[in-house]
Structures are given as structure tokens and as C-alpha cells.
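Residue-level structural notes
Below, each chain spelled out in residue letters.
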Amino acid sequence: MELSLILGISVLGLLFALFLIRDVMRRDTGTPKMREISDAIKTGAEAFLRRQNRTIGYLAFALACLIYILYAFVRTPNEHDPAGQGALALWTTLSFAFGAICSVAAGYMGMWVAIRSNIRTASAATRNMNDALQTALRGGAVSGFFVVAMSLLGVAGLFALVSYMGVTTDVTKIPLLIVGYGFGASFVALFAQLGGGIYTKAADVGADLVGKVEAGIPEDDPRNPAVIADLVGDNVGDCAGRGADLFESTAAENIGAMVLAAALYRANASVFDAQQLSLLGVLLFPLVARAFGIIASAIGIMIVKTNEQEDPMSALNRGYYVTSILAMIGFYIASRWLLGAEYYLNFFFCGVIGVLTSIAFVFITQYYTEYKYRPVKFIAESSQTGYATNIISGVAVGMESTGFPVLVIGAAIVGAYFLGQSSGLHDAGLFGTAVATMGMLGTAAYILAMDTFGPITDNAGGIVEMSQQPEDIRKKTDRLDAVGNTTKALTKGYAVGSAALAAFLLFGAYIDEVRNYMPSFQPIININKPEVFVGAILGAVLVYLFSSLAIKAVGGAAHSIIKNVREQFKNNPGIMKGTSKPDYGQCVDIATKAALQKMVLPGVLVVGLTISVGMVFRWLYYASGQPAFGATGAEVIGGYLMVGTITGILMALFLNNSGGAWDNAKKYIEAGHLGGKKSDPHKAAVVGDTVGDPFKDTAGPSLHVLIKLLSTLTLVLAPLFI
């Protein structure tokens, strides 16, 4: 029954997404001039994504072959394996490939609708604010529902298939056979986020520095040769990239929670039997709780409405609060039904902790990135004394912004662990943190709708500007764009918060998996062992090297675009006079080539270094005759994973929040404060914004994926390190 419910609600989520597509697509598409601009954005975005997905496909195929070879021919079989050597290799590889395909599909579907929602939002803005808000939100919600429904459908479908085919007689071992699904999703998400992030920020930096600072023309001015590339970038980075990011979050964490649920059942089998609670119910509890979140998010989306006077952010927040309350009710139902009348209450409160954690991250991110609060105003005021003080203030705000999130994460993990331990079940602390993570992801569909709302409204504003609509229409889209900037920042905060909770969940799943394959393994990572200490340092330095490569990639690509824009202005004076059109295609092509070339090395670094550390230290352990104080490859990877994750969380918070604060400090000045547009403070703020662009839209979001990729990669390859 539980499996049928999960599959049924997942299908319902996909049907709701189709309803939203139909609702958005029936709306008006504006004037011929607006359609011309929208078509250019659509053509560029789809062309880039086709080329990017082809590149990712080659890389994923090569890695799938490597996984099969390592499992089938290199690794020595273990008596504790969940299935025979051939079956283990086959199902791990198949689940990896399936996860990769689903991740590509989820990201593409979200972008497909977004690039068709932008013009409909622009057209709706010519009528009233409510139509524009609902068009953008419902267009964004398509991505949210495809991501969440497909991740549940994929995990539950694989579970049902493996169970039906009788690959293993022990149902608790099935999650170990399908962990590759999360790894495949993470692998695709990393390249999608990297490629999209490099593209969008290279175009954005180039358009801003030459257009705004040097030429003194407004944002989205049709005379700027990089403007179409910039608008395309919003879709391939924020829609397709973030869609793949949150897809892999939900997929990986669903499987990690199932691994811990299996461990909980094994530790409490007699108790559950006495309570007449089924093994399948306990195993599938995380998925059932997440499925109820789909229903909660659908209701939240449908109640959002506003008027001409209300702040659109208030309407979005209302929908989010309704979604959060309904998600908690769903958790109560799932806990009471599947975890028994005697134990459910503690786990329900674990889910509530997760939901409250997501709300806390939304508020903290708002505080550090919205210009109505102190941090952003501080950066804007610092811009009055020049470029350097703007940069110094932005870096300081970014560093400060790590404090409260870490306190919230710490409180959530400790609180959920304590509730699990005090539930009356044995070894239930880690499962409590898993339930909290499921609670945080309960509102994922609504959060992703708010995220994709951002690039849709940004594109709508660009279409209105480039098609030279009246000033009052531009003011409406500017209001929506400002809200979109906030929602994008909130989603990044939510994503890194969920990554932090998930990292603890997945670390616990990794330890439990190693114990499955090697019962003698003690769940202790001793950092005092030289090998483990070195592994931990390598995990930390990976984050810095990865971030450096991502930021340098944006800088190099932006340099090429800046040169091209300057050359077009110089060689064709009619562009600035408005008597001739720039060649938008040149900048689109430059950004595309740069993104596809430069996204490969950071991704290969993550996979290559992780495999190398685990295999090398495994070889050293056995080559040295297993000394009493030596560390297995699995223990070294444990230290590598732990410290790499902690470093990645802090770096992602710093990059996301400093970049978001710089962006809104610029918008605060553009709203007429401190001299307004074209003033010296504005020029300093534009430079700060361009520094923050690769922070908040390339390196920062890619680190969310890196954190979870490390966990899913080690989950899949753990048997090779033992």
C-alpha cells in the first residue's frame, strides 16, 4: 500500500505540473517585438542545453562503464554484499544511469517552461500585477513538481523493480543496490550547475562592465551585444542548473534516509514486530512523508495572489507558510501511520524541526541579502567611498553570514538526534536527523517554484525593456525582478541548509553501509591517525581548488565577452546611436564554448580525487600488513568526507550571501538612494556586483552539489575502499 501511495502521489505531482504547463501556455504572448526577443532567448537556451547535455552524456557514459568495471572485475566480492558480484555491478551501474537521465530530464523540463513563461509574464504585466505574479510562479512551479515527483518516482520505482525481480532476499539491502541513482543525479547536477553558472555569469559580467560602467547604458538595453547571452544565461543557470541541483538533493537524501531506515529496522526488529509494523512501512516512511509534501506544495502554489499595492514577496511568503503547515500535517499522518502509536511523536517533531530549519534559513538569507536590512545597506553606504570599500564590506558581510546558519544547523542536528535517541527505539538518533532532513525537503517543490520565478521575472523585465514598453510596465517588472532576486537568494540558502542536514544524514548512511560490508568496522573516524588527518586536509583543499576553478572559468569567459562587446562598439558606431543592431550571436557563441570547455576540469577533479584518495589509502593499508594503528581506505574517506563537507558548507554560505548582498546593494542604489544610477556609488556597486556574480551563481551553487556529490560518490564506491 505504501509503495502504491508514493507512486500514485508522484504521478499526481506530474499531472499537476502538466496542468500548470497548460495554464501558462494558454496565456497571451504579447507584441511581435516581445516575441522576437523571447524567441532569441529560447533559441539560445535550447541550443546551449543540447550541447551541454551531449557533453554530460559522454562523461556519464564513461563513468558508468568505469563503475561497472570496478565492481565486476576489480573489486573482491564480500560475503556481506547485498547481491552477487555481477548483480551488484549491474544494478549499481543501471541506477547510476537512470539517475543521470532523470536529472537531465528534470532540469530540461523546468527550463523548457521557463523560457516560454518569460514572455507571458511580460505580457501579463501590461494588464495587472496579479496576472504577472501568477504566470511567473506557476511557470516556475513546473520545475519544482517535475523535480520532486520524478525523484520520488525514480527511487520508489527502482525499489519496486529490484524487489519484484528478486535480486536480493533481504529487503533492507535494496537501498544499497540503488544508491547509484543518487550518484547519477549528483554527477549530472554538478556539470549542469557548473556549465550553466559559467555561461550566465560570464555573460552577465561582460554585459554589466562594458554596458553599465563603460558605455553608461541601462541594464537589458538592446544596444548591448551581450544582453541576449545574459538573458539566456538566467535560464541555463538558474532554471536548468538549479533544477538538476535540487533533483539530486531529493534523490540522494531519499536513498540515504532509506539506508538509515533499514538500519533502524534491523536494530529494532522485535519491537516493530510486536507493534505489528511492517518492514516495508518503516523503509518507505521517508518517501511517504515526502510524497505528502507534493500535495502541500500544490495547495500553496494555487492560493498565491496579490494586488497592485501589495508587495509581491508577501504573497509568495503566504503561500510558503501554508505549504509549511500542510507539510507538517503530512508528517504527522505519515509518522502516526508507519512508525507506531508508541514511537511516532518524537519522529514527527524531528520532521517539524526540519520544516522550521527551512523557514529559519529563508529568514536568515533574507536578512543578509535584502536591501531593507542592515547588511546590504552597509555595503551600499560603503560604495560612497569607492570600489575598494564596497569589496571589503561585501567580503565582511559574507563571512559574517556564516554564523547564524551554522547555529541553526547545529541546533537542528542535535535536536533531531536527541529526539530520535529518546524515542524508545535503539540506535534511532541518526534516523531522527534523516527525518529532519525529509522535513526540510517537504517544501522543496514550492521553494524551487520560487527559485525559477527569479529568472522568469528577470527575463520578463529584459523583454519589456528591449521591446521599449511604457515606463509603468517596466516598474511592475522591476518590482517582480527585485522579488525574484530575493527568491533566488532564499533558494540558495535553503539549498545549502538542506545540503548541511543531508550531509550528516548521508555521512551516517556511509558509516552504516561500510558496516554492512565490513561488520568489524568501528563507526569511529580517528582524526589522530596520520592517514585520516591527511585525508581530511585533502577534503578541505578540494573545496578551495574547485571554487578557484569555477571562479576563474567565469573570469576567463567574461574577458572574452568584454573584448567582443568593446570591439562591436568600436567597429560599429551605429550600435550606440540606435541605427544598427549588435550581433548578439557572437556573445552567445563565446559564452557557450567557454562554459562547455571549462566545466569539465572541476567535475573531473571531484570524482578523480575522491577515487584516488580511497583507493591509494586502501592499497597502503593492505600493503603495510594492516598495522594496529593503520587506517583503512574507508576510514580515510570518512575523514575526507567529513572535513570536505564542513568546509564546503561554510564556503557556500560565504559565496552565496556575499554575492547576493552585493547584487542587492547595487539595486538599492539603482532605486534612487545614495545618488542613484550613473553616480559614483552606483559604479562602485556595479563592480561589487560583478565580483559577486561568480560567487553566488557559479561557485556557491556548485558547492551545494559538490557537498552531496561527495556523499553519494562515497556511498556508491564504499565497497571499493574496504
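It should be noted that the structure appears before, not after, this text.
Attention in this report is confined to the structure presented alongside it.

Rules used throughout
Residues numbered from 1 in each chain as written. Predicted model: local features only at pLDDT ≥ 70, side-chain atom pairs only at ≥ 80, totals over all residues. Heavy atoms only, no water. Helix = DSSP H or I, 4+ residues; strand = E, 2+ residues; numbered from the N terminus. Rg over C-alpha atoms; globule rule 2.2 N^0.38 Å. Buried < 20%, exposed > 50% of the residue type's maximum accessible area, 1.4 Å probe, protein only. Areas by Shrake-Rupley, 256 points an atom, 1.4 Å probe, with all protein chains shown as cover. Lys, Arg positive; Asp, Glu negative; His and termini not counted. Charge placed at Lys NZ, Arg CZ, Asp CG, Glu CD. Axes fitted to C-alpha atoms, helices over the stretch in contact; angles between N-to-C directions. Parallel < 35°, antiparallel > 145°, perpendicular 65-115°, else oblique. Left-handed = near helix turned anticlockwise from the far one by under 90°. Contact = heavy atoms within 4.5 Å. Nonpolar A, V, L, I, M, F, W, Y, C, P; charged D, E, K, R; others polar. 1 Å grid on protein atoms, 1.4 Å probe; cavity = no way out; pocket = protein on both sides within 12 Å on 5 of 7 lines; lining within 4 Å. Points joined across faces, edges and corners; volume = space filled by probe spheres on them. Salt bridge = Lys/Arg side-chain N within 4 Å of Asp/Glu carboxyl O. Phe/Tyr/Trp six-rings, centres within 6.5 Å; stacked < 30°, edge-to-face > 60°. Core = buried A, V, L, I, M, F, W, Y, C linked by side-chain atoms within 4.5 Å. Patch = residues over 30% accessible without salt bridge, like charges linked within 9 Å, V, L, I, M, F, W, Y side chains within 5 Å. Disulfide = S-S within 2.5 Å.

What follows is about the overall build of the chain. Helix and strand counts for the chain stand at 23 helices and 0 strands. Taken over the C-alpha trace, the chain has a radius of gyration of 25 Å; the compact-globule value for 722 residues is 27 Å, and the two agree within 12%. Overall, the chain is about 80 × 55 × 45 Å in size when its C-alpha atoms are taken along their principal axes. A buried classification covers 65% of the 722 residues belonging to the chain. When the accessible area of the chain is evaluated, it comes to approximately 23500 Å², of which 63% is carbon and sulfur surface. Of the charged side chains in the chain, 51 are positive and 51 negative; the average position of the first set lies 4 Å away from that of the second.

Bringing the packing of helix H7 (residues 227–267) against helix H15 (residues 429–440) into the picture now. For any two helices packed against each other, one specifies the inter-axial angle together with the distance between the axes. As a packed pair, H7 and H15 sit with axes 9 Å apart at the nearest point and diverge in direction by 150°. With respect to H15, the element H7 is oriented roughly antiparallel. Of the two elements, H7 crosses H15, and the hand of that crossing is left-handed. Only Leu430, Phe431, Ala434, Thr437 and Met438 of H15 make contact with H7, whose side of the interface consists of Glu253, Asn254, Ala257, Leu260, Ala261 and Leu264. Taken together, the residues that form the contact of H7 with H15 break down as 8 nonpolar, 2 polar and 1 charged.

Relative to the helices and strands, Ala97 resides in helix H3 (residues 85–125). Look at Ala97 and you get partly exposed, because its relative accessible area is 29%. On a C-alpha basis, the gap between Ala97 and Ala261 in space is 25 Å, while along the polypeptide they are 164 residues apart.

So, about the layout of surface pockets. Counted as a void, the second largest pocket has a volume near 910 Å³. Leu430, Phe504, Phe507, Gly508 and Ile511 are the residues nearest the centre of the second largest pocket, which is lined by 32 residues in total. Among the elements of the structure, H7, helix H14 (403–421), H15, helix H17 (471–517) and helix H22 (633–670) are those that each provide at least two residues to the lining of the second largest pocket. In terms of residue count, the dominant contributor to the lining of the second largest pocket is H17 (9 residues). Each residue belonging to the lining of the second largest pocket can be placed in one class, and the counts come to 23 nonpolar, 5 polar and 4 charged.

This part takes up empty space enclosed by the protein. In total, this model carries 6 cavities of 30 Å³ or more according to the counting rule given. In this structure, the second largest cavity occupies an estimated 80 Å³ of space. In this structure, the second largest cavity is lined by Asn485, Lys488, Ala489, Lys492, Asn656, Gly660, Asp663, Asn664 and Lys696. Split by residue class, the lining of the second largest cavity holds 1 nonpolar, 4 polar and 4 charged.

What follows covers the pattern of salt bridges. For the coordinates displayed, the defined rule picks out 24 salt bridges. Note that Asp23 and Arg138 form a salt bridge whose closest N and O atoms lie 3.1 Å from each other. Here Asp23, found in helix H1 (residues 2–25), pairs with Arg138, found in helix H4 (residues 129–164); they are 115 residues apart in sequence, far enough to count as distant. Between Asp478 and Arg474 there is a salt bridge; the shortest N-O distance is 2.8 Å. Remark: Arg474 and Asp478 occur in helix H17; sequence separation between them is 4 residues, near one turn of the helix. For Arg474, a relative accessible area of 11% puts it in the buried group.

Okay, the packing of aromatic side chains next. This model, assessed by the stated rule, comprises 24 aromatic pairs. Look at Tyr367 and Tyr373: their rings are 5.7 Å apart centre to centre, the planes differ by 50°, and that puts the pair in the tilted class. We classify Tyr367 as partly exposed; its relative accessible area is 27%. Linked through ring pairs, Phe96, Phe183, Phe187 and Phe191 together constitute an aromatic cluster.

Another aspect to go through is the environment of Asp221. Along the chain, Asp221 falls in the loop between helix H6 (180–214) and H7. Taking the C-alpha atoms as reference points, Asp221 and Gln468, 247 residues apart in sequence, are found 9.3 Å from one another.

The subject of this paragraph is the side chain of Thr369. Tracing the sequence through the fold places Thr369 in helix H11 (residues 344–369). Excluding anything up to four places from it in sequence, Thr369 contacts Val376, Ala489, Asn657, Gly660, Ala661 and Asn664.

Core analysis: the biggest nonpolar cluster contains 252 residues, and Phe145, Tyr199, Phe247, Phe285, Leu316, Phe431 and Tyr510 have the highest contact counts within it. Considering every element that reaches this core, the biggest residue donor is H7, with 22 residues.

A surface patch of nonpolar side chains, amounting to about 570 Å² of accessible area, comprises Val11, Leu12, Leu15, Leu18, Ile295, Ile299 and Ile303. Listed by contribution, the elements that provide at least two residues to the nonpolar patch are H1 and helix H9 (279–302). For the nonpolar patch, the leading source of residues is H1, giving 4 residues. Here Leu18 shows up in helix H1. On the accessibility criterion, Leu18 (45% relative accessible area) is partly exposed.

Simply put, disulfide is the name for a covalent bond between the sulfur atoms of two cysteines. Under the defined criterion, the tally for this structure stands at 0 disulfides. Cys102 forms no disulfide, and the closest cysteine sulfur to it belongs to Cys65, at a distance of 19 Å. We classify Cys102 as buried; its relative accessible area is 8%.

Following both chains from N to C, one finds helix H2 (residues 32–74) and H7 inclined at 50°, their axes separated by 9 Å at the closest point. The angle between H2 and H7 falls in the class oblique. Relative to H7, the crossing made by H2 is right-handed. Facing Ile37, Ala40, Ile41, Gly44, Ala45, Phe48 and Leu49 of H2, the residues of H7 in contact are Ile228, Leu231, Val232, Asn235, Val236 and Ala240.

Bringing unusual backbone geometry into the picture now. The backbone phi angle of Leu674 is positive, close to 55°, even though this residue is not glycine. Tracing the chain through its elements places Leu674 in the loop between H22 and helix H23 (680–721). A positive phi angle, close to 70°, is found at Lys678, a residue other than glycine. Note on placement: Lys678 falls in the loop between H22 and H23.

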